[in-house]
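Listed here are the chains, written in short residue letters.
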Amino acid sequence: FIEYVAASRRRGGRGWPMVLAAEAICKREGLKVLYSAADLLMDGNFAEPGSSDDLASSTALGTSAVDAHRRWGFQEITEQEWKDAGLAPYNPDKCSVLYMKKDLV
C-alpha cells in the first residue's frame, strides 16, 4: 500500500518515474488498478518554500496535478468508487482532490 507520493519540482522531481514504479509494484502483486488522488491545489502555478524568488516564481506555469495524471493514463472516478475500492476518502475540509484510477492491463 503506497499512501502518498510527491515530487519536488525545485529538486528536479518528476512524477512519471514514480508512477512507473508504482505500476510495476501493483502488477507484481497482481493488482489490476492503480488509484491516485490528484491534489487540486497543484494547479500548475507553483512556488516552493525556501526560495527568495517565491513571489516571482509563483507566476511560473507548470503542469497541474490533474493534467499530469491524465497524461499518465488516469481517469476520473467518483468518491463512491474510491470508497468501494476500500480507500478512505480525503477530508474535504483539509484538502481538495480529484479521485482517479488507472487500469493496469
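One numbering rule holds for all chains: residues counted from 1, following each sequence as written. Local features are withheld for residues below a pLDDT of 70 in this predicted model, meaning they are given only at 70 or higher, and side-chain atom pairs are given and counted only at 80 or more; totals for whole chains, interfaces and linings count all residues. Excluding hydrogens and water, the side-chain figures rest on all heavy atoms present in the structure.

A.B. asks: Is there a simple way to explain the overall build of the protein chain in this structure?
C.D. replies: We count a stretch as a helix when DSSP gives it H or I for four or more residues in a row; a strand needs E for two or more, and each element gets its number in order from the N terminus. Counting secondary structure elements, the protein chain contains four helices and three strands. Starting at the N terminus and walking to the C terminus, you meet the elements of the protein chain as α-β-α-α-β-α-β. Exposure categories follow from relative accessible area, calculated using a 1.4 Å probe and restricted to protein chains: below 20% of the type maximum is buried, above 50% is exposed, and the middle band is partly exposed. In the protein chain, which comprises 105 residues, the share counted as buried stands at 26%. Should any heavy atoms of two residues lie within 4.5 Å, those residues are considered in contact. Sequence separation of 24 or more characterises 62% of the internal contacts of the protein chain that already satisfy a separation of 6 or more. Only the protein chains shown count as cover for residues, and the accessible areas themselves come from Shrake-Rupley with a 1.4 Å probe. Accessible surface for the protein chain amounts to roughly 7400 Å². Of this, 54% is attributable to carbon and sulfur atoms.

A.B. asks: Even after reading the chapter, I still don't get the nonpolar core, so can you show me in this structure?
C.D. replies: A general trend in soluble globular proteins is that nonpolar side chains are found buried together. Definition used in this section: a nonpolar core is a set of buried Ala, Val, Leu, Ile, Met, Phe, Trp, Tyr and Cys residues joined via side-chain atoms within 4.5 Å. With 13 residues, the main nonpolar core has V19, L34, A38, W72, F74 and M100 as its most contacted residues. For this core, the secondary-structure elements that each account for two or more residues are α1 (15–28), β1 (33–39), α3 (65–71) and β3 (97–103). Filtering out sequence-adjacent residues up to four positions away, A38 remains in contact with A65, V66, H69, S96, V97, L98 and M100. Within the second largest apolar cluster, six residues are counted, among which are I77, W82, L87 and V97.

A.B. asks: What exactly am I supposed to notice about the pattern of salt bridges here?
C.D. replies: Here the idea is simple: oppositely charged side chains can pair when their charged atoms come close. Any Lys or Arg side-chain nitrogen found within 4 Å of a carboxyl oxygen on Asp or Glu counts as a salt bridge. Evaluation of the coordinates by the stated rule reveals five salt bridges. Two residues, K102 and E23, come together in a salt bridge whose shortest N-O distance is 2.4 Å. One end of the pair, K102, is in strand β3; the other, E23, is in helix α1, with 79 residues separating them in the sequence. Across the pair, exposure class does not vary: K102 and E23 are buried alike.

A.B. asks: Is there a simple way to think about the pairing of β3 in this case?
C.D. replies: A regular strand places its side chains on the two faces of the sheet in alternate fashion. Within β3, six of the seven residues are buried, which leaves the element mostly enclosed by the surrounding structure. With seven bridges connecting them, β1 and β3 associate as antiparallel partners. The residue of β3 that forms the bridge with D39 is V97. Between any two strands, at least two bridges found by DSSP are needed for them to pair. Here strand β2 (residues 75–76) pairs with β3 via two bridges, running antiparallel. In the strand pairing of β3, E76 is matched with M100.

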